[in-house]
Amino acid sequence: MATEILVNDGGAPARILPYIAGSTIAAGKAVTIATDGKVDHVAVSGNKMLGVALTAATENGICNVISGKGIQLNAFTSGSNIAIGDELVCAVGASLAGMLVEKTNGTHQGQVLAIALETGSATAGLTKVQIV
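All values derive from a computational prediction rather than experimental measurement. (Residues numbered from 1 in each chain as written. Predicted model: local features only at pLDDT ≥ 70, side-chain atom pairs only at ≥ 80, totals over all residues. Heavy atoms only, no water.)

A look at the overall build of the chain
Looking only at helices and strands, one finds 0 helices and 10 strands in the chain. If you list the helices and strands of the chain from N to C, you get β-β-β-β-β-β-β-β-β-β. Within the span of the chain, comprising 132 residues, buried residues form 40% of the whole. Of the accessible surface of the chain, which amounts to about 6,300 Å², a share of 53% is contributed by carbon and sulfur atoms. (Helix = DSSP H or I, 4+ residues; strand = E, 2+ residues; numbered from the N terminus. Buried < 20%, exposed > 50% of the residue type's maximum accessible area, 1.4 Å probe, protein only. Areas by Shrake-Rupley, 256 points an atom, 1.4 Å probe, with all protein chains shown as cover.)

Structure below.
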């Protein structure tokens, strides 16, 4: 698998916009806009995802964020049960902040953010997904 975050550059209506990071941001992780206008990793299931960080950033640095429906990219996922076609939501908890996990009944009831386009690995890593 490629290590680039954006897979289909130019093939879908993707927007890449610069934001100020509210904390250290890792490329490939889901981010949300905080009340201070800065981006942070999504850490609560059900939070709105602004997009996926294209570039890593330190606090108060520039973080380029990819957003748009239908774009294909490599995003951080967690969970060995992720299969092609699974609905993905934001993970719950600080240790999994910014990662997408498989939506399961009763546990992850947040908004479906992406569909898995490949099988996830047993450990946290980049997985090809399509944003919905």
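Some details on the nonpolar core
Counting residues in each nonpolar core, the largest one holds 19 residues, and the members touching the most others are Leu73, Leu88, Leu100, Val129 and Ile131. Here isoleucine 131 is in contact with Met49, Val52, Gly68, Lys69, Gly70, Ile71, Leu73, Leu113 and Ala114, once residues within four sequence places are set aside. Ala21, Ala53, Cys63 and Val65 belong to the second-largest nonpolar core, a separate cluster that totals 8 residues. (Core = buried A, V, L, I, M, F, W, Y, C linked by side-chain atoms within 4.5 Å. Contact = heavy atoms within 4.5 Å.)

Some points on unusual backbone geometry
Phi at asparagine 60 takes a positive value of approximately 70°, unusual for a residue other than glycine. Tracing the backbone shows asparagine 60 in the loop between strand S4 (51-53) and strand S5 (62-67).

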